[in-house]
Amino acid sequence: MTVEYEIEIMGQRLNERIKKIFGRSLHIREVDAGSCNACEVEATALSNPIYDIERFGIHIVASPRHADMLLVTGPVTRNMELALLKTYNATPSPKLVAAMGSCACNGGIFGETYATGGGVDRYIPVDVYIPGCPPRPQAVIFGIMVAVDKLSQKKTPYSETPYLNTGIKGTTRLEHEI
Amino acid sequence: MKTEYIDAIKKEFGNSILKESVSDNETYLTIKKETIVKLCDYIYSHLDLPLVLVFATDERKTDGVFKIHYVFSIDKDDAFIILNINIDEKTPVFNSITPKIAAANWYEREIQDMFGLRPAGHPDPRRLVHFEDMPAGVYPLRKDFDIRTKPPRVEGEYVYRRVEGEGVYEIPVGPVHAGVIEPGHFRFSVAGEPIINLEIRHFYTHKGVEKLFENMSMDKAVFLAERVSGDNSVAHAVAFCQAVENIAGIDIPPRAKHIRTILLELERVYNHLGDIAGIATDVAFAMGAAHANKLKEEVLQLNEKVTGSRLLRGMNAIGGVRRDIGDKKEGILLELSDVQHDFRELIEYLMSIPSLVDRIETTGRIYNDTAKGLHVVGPAARASGIDRDMRRDHPYASYRDFNFKVPLHKAGDVLARTVVRADEVCESIGIIEQALWSLPEGDIRIKSSQIPDGFSLGYTEAPRGETLYWVMTENNRIKRCKVRDPSFCNWLAIEYAVLDNIVPDFPIINKSLSLSYSGNDM
Amino acid sequence: MLDILKKTLKTGSQTTKYPQIPDFAPAGFRGKPELFADRCTYCGECVTACPPGVICLSEKNGDKVLTLSYCGCIFCGRCEEVCPYGAIKLTEEYELASKTKDDLITSIRRKL
């Protein structure tokens, strides 16, 4: 009873926080920079009735010109490099970039070859890294929250990071050192 | 059985066969390079065997030549004929078979880009994989090319086919699309609303996968195979594993075979559900899409419970599977019976809505002869009256033990493809149930540390159609791995499917073919 | 029309409560890899087995350091499989998103 109640209270607080951060409006443009399409499966899943990110006011939009955030997947292939840069430049500032999936973070299994660049941050500044191959939709939602938190930090400095003390584990630093 | 074809070839072309070798169900014939066009034409037109794969290998170190291999499938005897010709490095030219067999079109252009061997007489000798900014003389799949080379960007121009006439205009689309899909460029020529020409340009997601495979150890390569086309992970991994197991002569335990079959079918179920949801979305029938997406999500969550990965990754390994799923039998059966019940209800409902059926009937037709000529595979082929299915014609894993029907329709339109998929979902669930009920006891994996040198084909029927791997090993590593995703065959068909349709119907046609960009571009 | 209403009512709300209520990945999920310093012998088996090559073994100030970056990790679990001492385990944690790459590195070290 008490645990459930606690979770509920926590959930409500978090809910308010999410609404405050998102302002019920975040527009995302997904850019595939050469992924294997597994990340696309999960990005599509974000707008299905189960995850339904529209409930936070997050929309996936058709053009980078409408977007606040780019969700980039794939290791950035040689042939997509120009298209990615054009998309980035077409997005109005302030903008966020999230690298979704291990390829986008670091090249993943494709690494760096004659045809791939080995990560999104070699081409455009990345605000949040979402590892996973592919990340679960929940992990992507978490990643989007971290990214938006960064945006709010850009505007007004936040003293504390959200999602601490919420039962949701944050990022991990160097640990297990002896 | 299959010898009747070999005998016929020998009778007609006996003196141009230089070498013959047989391994398992694959017959390799080395042919004089001058007669290859005639011989391929003979096999294709007279013996009526489909050309399923053309690829090259760089064997200059061992044999001093490049080799080009042409794979024909004998469906009724579960066998393959593989012709190969030797190409000398000093005269890197071979005769194109595309004027005779349209299905060879992209394969030959790919060989031209990746190996620098020129197909003489090819009707469309433009670049395919490389873009115009790639300098001349960069041939990534040659053995002397270092994978880490970063070729500079040069000036160049890609010439699109032009359609001219009064009132004809072009609509360029992509590579970054409006929806959450992969990148590719489409150029429509339209007169009013109807499309009179479509040219597709792909290979934006070319990652050099075939080069990455080279010199990779077998264990790692399985994971790379899973990532050739993300939503067909299992089909690719199993095809790769089967090729290597064939080389090593490993017969995997029956329990592992059953588990692989279950995984392959789970993959088919969630892919088909996603495609049906996509079609409902594209005709703006949100309620149908929501329900189909919900079912897809249920299967994805089931996948995660069973294998630890929503896309069924990390389950296959050389010699079997990495995890046993026997203890989750009840859960899978229960969940799938729910999915099947809901799905039947949904499909019945979708097919009773006139505005939906009206929109997809006669839309995006691929006629039987077009499909056959381009070697269209998978559900798209079965919706155009081509009765081929690797699970039945070249049985692998444990498909031999199960009863299932291969749905066949003749109309070739979006409706037919949707109905084929819907029927396949039910068949797949049937196969999973049979496999779970008859799951044999025993090991799930044979460990093998040493893979002998050799080469072999591996194949599966992915949700999109036949997936082929041809693997050559050397010193326990991969020397060459040719991957052929079903999308590589089907992409050209879309140029024909859209003709005389209106531009707003293009997304539905595209979705109904459900093609992978990554699997095509690699 | 009535059919739609009937089906919608029958299906009800399906949306997950995440992130208000934490969502735990099912048992067997391959998430964030964890290193155990007390079990590791720094043999390097995991380094050779890792498909994307994100595990590396180095020496720093006389210490042996094993570093794993789950930035490029594909969560295949090969390291866990090959480790003879059980010093790597893939946990069920999946909320790994981070603002910097440095946060995505975990390492253990031992004096030589």
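Definitions and cut-offs
- The numbering scheme is per chain: residues are counted from 1 as the chain's sequence reads.
- Ligands are numbered from 1 and chains lettered from A, in the order in which they are written.
- Predicted model: local features are reported for residues with pLDDT of at least 70 only, side-chain atom pairs are reported and counted for 80 or more only, and whole-chain, interface and lining totals are derived from all residues.
- The helix count covers DSSP runs of H or I at least four residues long, the strand count covers runs of E at least two residues long, and both are numbered beginning at the N terminus.
- In this description the radius of gyration comes from C-alpha coordinates, and the expected globular size is given by 2.2 Å times residues to the power 0.38.
- Burial is judged by counting other C-beta atoms within 10 Å of a residue's own C-beta: 20 or more means buried, 12 or fewer means exposed, and anything between counts as partly exposed, with every C-beta placed from the backbone.
- Each residue gets a C-beta atom placed from its backbone, and two residues are in contact if those atoms lie within 7 Å.
- Only strands joined by at least two bridges in the DSSP assignment are considered to pair.
- To obtain each axis, a line is fitted to C-alpha atoms, and for helices this fit is confined to the stretch in contact; angles are then taken between N-to-C directions over 0 to 180 degrees.
- Three residue categories are used. Nonpolar comprises Ala, Val, Leu, Ile, Met, Phe, Trp, Tyr, Cys and Pro, charged comprises Asp, Glu, Lys and Arg, and polar comprises the others, including Gly.
- Here pLDDT means the predictor's own confidence in every residue, given as a number from 0 to 100.
- A helix is expected to span 1.5 Å multiplied by its residue count minus one.
- When buried Ala, Val, Leu, Ile, Met, Phe, Trp, Tyr and Cys residues are joined through C-beta atoms within 7 Å, the set is termed a nonpolar core.
- Residue ranges for the domains originate in an automatic or database domain assignment.
- Each crossing gets its hand from how the near helix is turned against the far one by less than a right angle, where anticlockwise is left-handed and clockwise is right-handed.

### Some remarks on the overall build of chain C
Each helix and strand counted, chain C has 3 helices and 5 strands in total. Starting at the N terminus and ending at the C terminus, chain C contains elements arranged as α-β-α-β-β-α-β-β. Over its C-alpha atoms chain C spans a radius of gyration of 20 Å, topping by over 25% the 13 Å that the globule rule assigns to 112 residues. Projected onto its principal axes, the C-alpha positions of chain C cover 75 × 30 × 25 Å. A buried classification covers 35% of the 112 residues belonging to chain C. In chain C, the proportion of contacts linking residues at least 24 apart, taken out of those at least 6 apart, comes to 72%.

### Looking at the overall build of chain A
Summing up its helical and strand segments, chain A has 5 helices and 5 strands in all. Seen in sequence order, chain A has helices and strands lined up from the N terminus as α-β-α-β-β-α-β-α-β-α. Counting over 178 residues, chain A shows a buried share of 53%. Relative to all contacts within chain A whose residues are 6 or more apart in sequence, the contacts with residues 24 or more apart total 76%.

### Brief notes about the sheet that holds strand β5 (residues 128-130) of chain A
Residue and element names in this part refer to chain A. Strand order in the open sheet formed by 5 strands is β2-β1-β3-β4-β5, with parallel pairing between adjacent strands. Pairing within the sheet leaves two strands with one partner each, and these edge strands are β2 (58-60) and β5. Strand-to-strand, the axes of this sheet are offset by a mean angle of 25°, without reference to chain direction. With 5 bridges joining them, strand β1 (residues 26-32) and strand β3 (residues 69-73) adopt parallel strand pairing. Considered in β3, the bridge of I28 is made with M69.

### Digging into the packing of helix α6 (residues 233-248) of chain B against helix α7 (residues 254-282) of chain B
Residues and elements named next belong to chain B. Between α6 and α7, the least distance of the axes is 8 Å, while the angle of their chain directions is 145°. The residues of α7 that touch α6, namely those facing V234, A235 and V238, are R260, L263, L264 and E267. Of the residues that constitute the contact of α6 with α7, the class distribution is 5 nonpolar, no polar and 2 charged.

### Points about the confidence of the model for chain C
Detailed reading of the predicted coordinates is not advisable wherever pLDDT falls low. When pLDDT is averaged along chain C, the result is 86; 99% of the residues meet or exceed 70. Reported confidence for the predicted complex is 0.92 by ipTM and 0.92 by pTM.

### What about the sheet that holds strand β1 (residues 17-23) of chain B?
Within a sheet, neighbouring strands are paired by backbone hydrogen bonds and run either parallel or antiparallel to one another. All names here are of chain B. Pairing within the open sheet is mixed, and its 5 strands lie in the order β1-β2-β5-β4-β3. Every other strand in the sheet has two partners, leaving β1 and β3 (51-59) as the edge strands with one partner each. Averaged over all neighbouring strand pairs, the angle between strand axes comes to 20°, with direction disregarded. Across 8 bridges, the pairing between β3 and strand β4 (residues 65-74) is antiparallel. Bridging across to β4, F55 finds its partner in H69. Taken strand by strand, helix α3 (residues 105-115) contacts β3 and β4, and its axis lies near 15° from that of β3.

### Some points on helix α1 (residues 2-11) of chain C
Of all 10 residues in α1 of chain C, 0 are buried; the element is thus mostly exposed. A positive phi of about 70° marks G12 of chain C, the residue just after α1 of chain C.

### Digging into the environment of T77 of chain A
Topologically, T77 of chain A is positioned in the loop between β3 and α3 (81-90). Residue T77 of chain A is classed as buried on the basis of its C-beta count, with 28 C-beta atoms lying within 10 Å. On a C-alpha basis, the gap between T77 of chain A and T116 of chain A in space is 4.1 Å, while along the polypeptide they are 39 residues apart. Apart from residues no more than four positions distant in its own chain, T77 of chain A is found in contact with A33, G34, A115 and T116 of chain A together with Y204, T205, H206 and K207 of chain B.

### Focus: the interface of chain A and chain C
Taken residue by residue, the interface counts 43 residues in chain A and 37 residues in chain C. Contributing elements (two or more residues each) for the side of chain A that touches chain C: α1 (2-22), α4 (102-106), β5 and α5 (137-155) of chain A. Per element, the largest residue contribution to the side of chain A that touches chain C is 8 residues, and it comes from α5 of chain A. The residue makeup of the side of chain A that touches chain C, split by class, is 20 nonpolar, 14 polar and 9 charged.

### Regarding α7 of chain B
Residues and elements named next belong to chain B. Along its 29 residues, α7 runs 42 Å from first to last C-alpha, staying within 8% of the 42 Å computed at 1.5 Å per residue. Most of α7 is tucked away, with 28 of its 29 residues classed as buried. Following α7 by one or two positions, A284 has its phi on the positive side, about 65°.

### Observations concerning the pairing of β1 of chain B
Sheet topology note: the β1 of chain B/strand β2 (residues 26-31) of chain B ladder contains 6 bridges and is antiparallel. Note that in β2 of chain B the partner of E20 of chain B across the bridge is L29 of chain B.

### Considerations on the nonpolar core
In terms of nonpolar packing, the biggest core is built from 234 residues, with V72, A98 and A99 of chain A together with F240, V376 and V471 of chain B touching the most fellow members. Examining the composition of this core, we find that 13 residues originate from one element, α7 of chain B, more than from any other. Among the domains, domain 1 (3-120) and domain 2 (209-317 + 326-521) of chain B are the pair contributing at least three residues each to this core. The residues touching A99 of chain A, leaving out its near neighbours within four places in the chain, are V72, A104, C105, V120, D121, V126, Y129 and I130 of chain A.

### Topic: the packing of helix α14 (residues 414-437) of chain B against helix α16 (residues 506-513) of chain B
Axes are the key here: two packed helices are described by the angle between their axes and the distance separating the axes. Residue and element names in this part refer to chain B. Between α14 and α16, the least distance of the axes is 9 Å, while the angle of their chain directions is 35°. Between α14 and α16 lies a crossing whose hand is left-handed. Contacts from V414, R417 and T418 in α14 reach I508, I509 and S512 in α16. Here the residues of the contact of α14 with α16 sort into 3 nonpolar, 2 polar and 1 charged.

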